Amino acid sequence: MAATVSYDDVEVGTELPAKTFPIQRADLVRYAGASGDFNVIHWNERVATAVGLPNVIAHGMFTMAEASRVLTEWVGDPGAVVEYGVRFTKPVVVPDDDRGANLEVTGKVTEKLDDRRVAVELTARSGDDKVLGRAKAVLQLT
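It should be emphasised that the depicted structure is a prediction, and the values quoted were computed from it without experimental measurement.

Some words on helix 3 (residues 60–75)
Each α-helix turn comprises 3.6 residues. Residues three or four places apart therefore point the same way. Counted at 1.5 Å a residue, the expected span for helix 3 with its 16 residues is 22 Å, and the 23 Å between its end C-alpha atoms agrees. The largest bend in helix 3 amounts to roughly 25 degrees and is located at S68. Here the buried face of helix 3 lies against strand 1 (15–23), helix 1 (25–35), strand 2 (81–88), strand 3 (101–112), strand 4 (117–126) and strand 5 (129–140). Two residues or fewer past helix 3, G76 is found with a positive phi of approximately 85 degrees.

Regarding the nonpolar core
Counting residues in each nonpolar core, the largest one holds 35 residues, and the members touching the most others are W74, L139 and L141. Residue assignment for this core shows that the elements contributing at least two residues are strand 1, helix 3, strand 3, strand 4 and strand 5. Looking at this core element by element, the count peaks at 7 residues for helix 3. In this structure L141 touches A3, V5, S6, Y7, V10, W74, V75, R116 and V118, once residues within four positions along its chain are discounted.

Topic: the sheet that holds strand 3
One open sheet accounts for 5 strands, arranged 1-3-4-5-2; its pairing is antiparallel. For this open sheet the edge positions go to strand 1 and strand 2, each flanked by a neighbour on one side alone. Across this sheet, the average inter-strand angle for adjacent strands is 20 degrees, counted without regard to direction. Across 8 bridges, strand 4 lies against strand 5 in antiparallel orientation. Across the sheet, the residue bridging to S126 is D129, located in strand 5.

Section: the side chain of N55
With respect to the helices, strands and loops of the structure, N55 is situated in the loop between helix 2 (45–50) and helix 3. Owing to a relative accessible area of 10%, N55 belongs among the buried residues under this scheme. Here the side chain of N55 touches R25 through a polar contact of 2.7 Å, side chain to side chain. When sequence neighbours within four positions are dropped, the list of residues in contact with N55 reads R25, E45, A48, T49, V93, V94 and P95.

A few points about a nonpolar patch on the surface
A cluster of nonpolar side chains, namely V29, F38 and W43, defines an oily patch on the protein surface of about 340 Å² accessible area. Note that V29 resides in helix 1. Residue V29 is classed as exposed on the basis of its relative accessible area, which comes to 51%.

A word on the pattern of salt bridges
A complete count under the given rule lists 8 salt bridges for this structure. Residue K90 pairs with D129 through a salt bridge whose shortest N-O separation is 4.0 Å. On the criterion of sequence distance, the pair formed by K90 in the loop between strand 2 and strand 3 and D129 in strand 5 is long-range, its members being 39 residues apart. Linked by salt bridges that have partners in common, K19, E66, R69 and E73 make up one network.

Rules used in this analysis
Residues numbered from 1 in each chain as written. Predicted model: local features only at pLDDT ≥ 70, side-chain atom pairs only at ≥ 80, totals over all residues. Heavy atoms only, no water. Helix = DSSP H or I, 4+ residues; strand = E, 2+ residues; numbered from the N terminus. Expected span 1.5 Å × (residues − 1). Bend = angle between axes of the 7 residues up to and from the residue. Contact = heavy atoms within 4.5 Å. Core = buried A, V, L, I, M, F, W, Y, C linked by side-chain atoms within 4.5 Å. Buried < 20%, exposed > 50% of the residue type's maximum accessible area, 1.4 Å probe, protein only. Pairing = 2+ DSSP bridges. Axes fitted to C-alpha atoms, helices over the stretch in contact; angles between N-to-C directions. Polar contact = N/O pair within 3.5 Å; in protein donor to acceptor, adjacent residues only side chain to side chain. Patch = residues over 30% accessible without salt bridge, like charges linked within 9 Å, V, L, I, M, F, W, Y side chains within 5 Å. Areas by Shrake-Rupley, 256 points an atom, 1.4 Å probe, with all protein chains shown as cover. Salt bridge = Lys/Arg side-chain N within 4 Å of Asp/Glu carboxyl O.

The following block contains the structure:
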């Protein structure tokens, strides 16, 4: 698989398509099974609130992975993500209701690099909270 976005067609300021990812408690249970991270703050409201959290929270790595989908869906190839890092700033709180939470992610090309690569910054929010800081990636384009 190869990236489908051409370096020549991208400019600094190019915006990636924004996406909203709904997150339900069932998603957290599936992620716990896949990752092996069964920390009770990700599925038990009683324990989560007892340790001072507002409710059950999404796994940080789950949040990071969901946000990265903006990159991979835009570029067309997960292997085109050369670097990716974030700082977790606030948790994604996932109430046990019919709505759950939404993770809203936007991205923008911030720099054109050598070797047909671009730097991209992501913004990830849940409600009024910015949940990822310093969310940056380098993508290899065609």
